Amino acid sequence: MGRPPTPNQGGFIVRAAVWVELGKPNIEIQEVTPLPLRDHEVVVRVEASNVSVSDYFPLTNDPETVGQPVPQILGHCGTGVVIEIGPKVERLAVGDKVVVTSTPECGECHFCINNKPEFCAEMAWMGPNTYKDANGVEMAGNAYVGAFAEHMIVPDIQATKVVTDLPFDQLAMVALPIATGVGAALRIAPITPGADVVVLGAGSVGISYIQAAKMVGAGKIVAVDPLPHRRELALKFGATHVVDPTAGDPVAAVQEITGNKGGMLAGAGGDFVFEAAADARAIEQAWDMCRSGGHIVLCSVTDQMMTAKVTFTALPFAVQGKTIHACQGGGISQRRDIPWLVGMIERGQLDVAGMIDAHYPLADISQAMDDMMARSVLAPILMPQS
Ligand SMILES: [Zn+2]
């Protein structure tokens, strides 16, 4: 750790996980120095960061389509303590504990004032450059965050103060996967008591959705995942049924479990279907697993999704009354919902500690990425101060 930076940043050195080569998952731990703080920027000492599929997805994409620069500091959400504030920062102070998200909430744009802050107009794949390396090459943090580093320079509209004694590894789960999965279940398309629920993909986001479904009294909760250990986790966290999609037709299996309510349209399937399978084929399956009048929430952000196409028959759009929702940012308002989510974890309504199964020091970021992509861990947490 270096000493706390000043706007002039003299001599302050930060270790950061830097993506260095387009089209390849090559990550180096580099020593970088901060650029002077801009208006509304704060410096956060990063205590923990969730490592997710959406951190990995730019790395191996075709450089022509990925649209992101190298070098860049990886990590698009995390948690820690504010150690410096830049000009015009009013909502945060040095010493505040914060949860940092990739989605800002400016409170003033078209989307924020229309109660859709997850689409805030200030959102960007990349922010301005915030650091430079020993050769003077400047770089930005992914999503104006860069949480895979000892410190991150972020805009104040992406950092939410929390007052809690929860350990940082659990706080790192709030922005992702908890906000995504719980937001999908309770904010985007709120699950109604007794409704049948289907979850494609029992990763950390799917497990978060399952916990919320159980909390609100869903009917059957069906988890679909090809990995036996993920199906076991789904049952542990609240699924009532599991389906192995490699053992036969998963759509037929889900329709049989959830039952057919009859009618000439789509009587069979779940009332709420959540796709978190990181596989474009699952989007088509999610549609077929949903009964008439139901809701489908699509969540996966992966490299495959950058180019994959999905195909649907046209007529059912006109007559079956299914609604497809995006899951951008879990549909939450940071300022309203992050303290709410933290509170649910504190009260034991959400089991986050039980989801975390691996911690990694900063130097092991590539191992954390590999384990996450191999699905050998559910919720890898990077601890940048170690
Ligand atoms: Zn906004």
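Residues numbered from 1 in each chain as written. Predicted model: local features only at pLDDT ≥ 70, side-chain atom pairs only at ≥ 80, totals over all residues. Heavy atoms only, no water.

For Asp55, the location among the structural elements is in helix α1 (residues 53–56). Separated by 20 residues in sequence, Asp55 and Gly75 place their C-alpha atoms 6.1 Å apart. Those residues in contact with Asp55 that sit more than four places away from it in its chain are Asn50, Gly75, His76, Phe148 and Met369. Of note is the side chain of Asp55, whose polar atom sits 2.6 Å from the side chain of His76. (Helix = DSSP H or I, 4+ residues; strand = E, 2+ residues; numbered from the N terminus. Contact = heavy atoms within 4.5 Å. Polar contact = N/O pair within 3.5 Å; in protein donor to acceptor, adjacent residues only side chain to side chain.)

All right, on to the sheet that holds strand β7 (residues 131–132) then. The strand order around the closed barrel built from five strands is β1-β2-β7-β8-β4, with neighbouring strands paired in mixed fashion. As paired strands, β7 and strand β8 (residues 138–141) are joined by two bridges and run antiparallel to one another. Considered in β8, the bridge of Lys132 is made with Glu138. (Pairing = 2+ DSSP bridges.)

Domain boundaries assigned for the chain yield domain 1 (14–161 + 356–383) and domain 2 (178–329). Here the C-alpha centroids of domain 1 and domain 2 sit 29 Å apart. Each partner contributes residues to the interface: domain 1 has 14 residues there, and domain 2 has 15 residues. In total, about 1,300 Å² of surface goes out of reach between domain 1 and domain 2, with carbon and sulfur atoms giving 64% of it. If you sort the residues of domain 1 by the area they bury against domain 2, Phe57, Arg375 and Leu378 come out on top, with a joint share of 48%. Inspection of the region where domain 1 meets domain 2 yields zero salt bridges. The interface formed by domain 1 and domain 2 holds four residue pairs in polar contact (both at pLDDT 80 or more) in total. For the side of domain 1 that touches domain 2, the elements supplying multiple residues, two or more each, are α1 and α2 (63–66). (Domains from an automatic or database assignment. Buried area = accessible area lost by both parts, 1.4 Å probe. Salt bridge = Lys/Arg side-chain N within 4 Å of Asp/Glu carboxyl O.)

The sites that carry the UniProt feature "domain: Enoyl reductase (ER)" (unreviewed entry) are, in the present numbering, residues 23–383. Between the end C-alpha atoms of residues 23–383 there is a gap of 26 Å, over a span that is 27% helix and 23% strand. (UniProt positions renumbered as here; feature names shortened; annotations may be inferred.)

Moving on to the coordination of the zinc ion. With distances of 2.3 to 2.4 Å, the protein atoms coordinating the zinc ion are Cys106 (SG), Cys109 (SG), Cys112 (SG) and Cys120 (SG). Sequence spacing of the donors to the zinc ion: C-x2-C-x2-C-x7-C. For Cys112, a relative accessible area of 13% gives the class buried. (Donors = N, O, S within 2.8 Å, 3.2 Å for Na, K, Ca; no water. Buried < 20%, exposed > 50% of the residue type's maximum accessible area, 1.4 Å probe, protein only.)

Here we take up the environment of Asp62. By the element assignment, Asp62 lies in the loop between α1 and α2. A sequence separation of 323 residues divides Asp62 from Gln385, and the C-alpha atoms of the two residues are 33 Å apart.

Attention now goes to unusual backbone geometry. In the segment running from Val70 into Pro71, the intervening peptide bond is cis, with an omega of -5°. The topology assignment puts Pro71 in the loop between α2 and β4 (72–73). Omega for the bond connecting Leu176 with Pro177 falls within 30 degrees of zero, at 15°, which places this linkage in the cis form. Within the secondary structure, Pro177 sits in helix α4 (residues 168–188). A positive phi is found at Lys88, a non-glycine position, where the angle reads about 70°. The topology assignment puts Lys88 in the loop between β5 (78–85) and β6 (97–100). Lys88 sits in the exposed class, given a relative accessible area of 55%. Even without being glycine, Arg375 reaches a positive phi, approximately 60°. Assessed through its relative accessible area of 22%, Arg375 is described here as partly exposed.

Once that is clear, we can look at the sheet that holds strand β14 (residues 270–275). A sheet is described by the order of its strands in space; here six strands give the open sequence β13-β12-β11-β14-β15-β16, paired in parallel fashion. Across the chains shown, the open sheet's two edge strands, defined by having one partner strand only, are β13 (241–243) and β16 (323–326). The average angle at which neighbouring strand axes cross in this sheet is 20°, direction not considered. Packed on one face of the sheet, helix α8 (residues 281–288) meets β11 (197–200), β14, β15 (290–298) and β16 and runs near 150° to β15. (Axes fitted to C-alpha atoms, helices over the stretch in contact; angles between N-to-C directions.)

Let us look at the pattern of salt bridges. Counted by the stated rule, this structure contains twelve salt bridges. Note that Glu41 and Arg38 form a salt bridge whose closest N and O atoms lie 3.4 Å from each other. When its relative accessible area of 32% is taken as the criterion, Arg38 is described as partly exposed. For Arg45, the salt bridge goes to Glu47, with nearest N and O atoms at 2.6 Å. A residue is classified by how much of its surface remains accessible, and Arg45, at 23% relative accessible area, is partly exposed.

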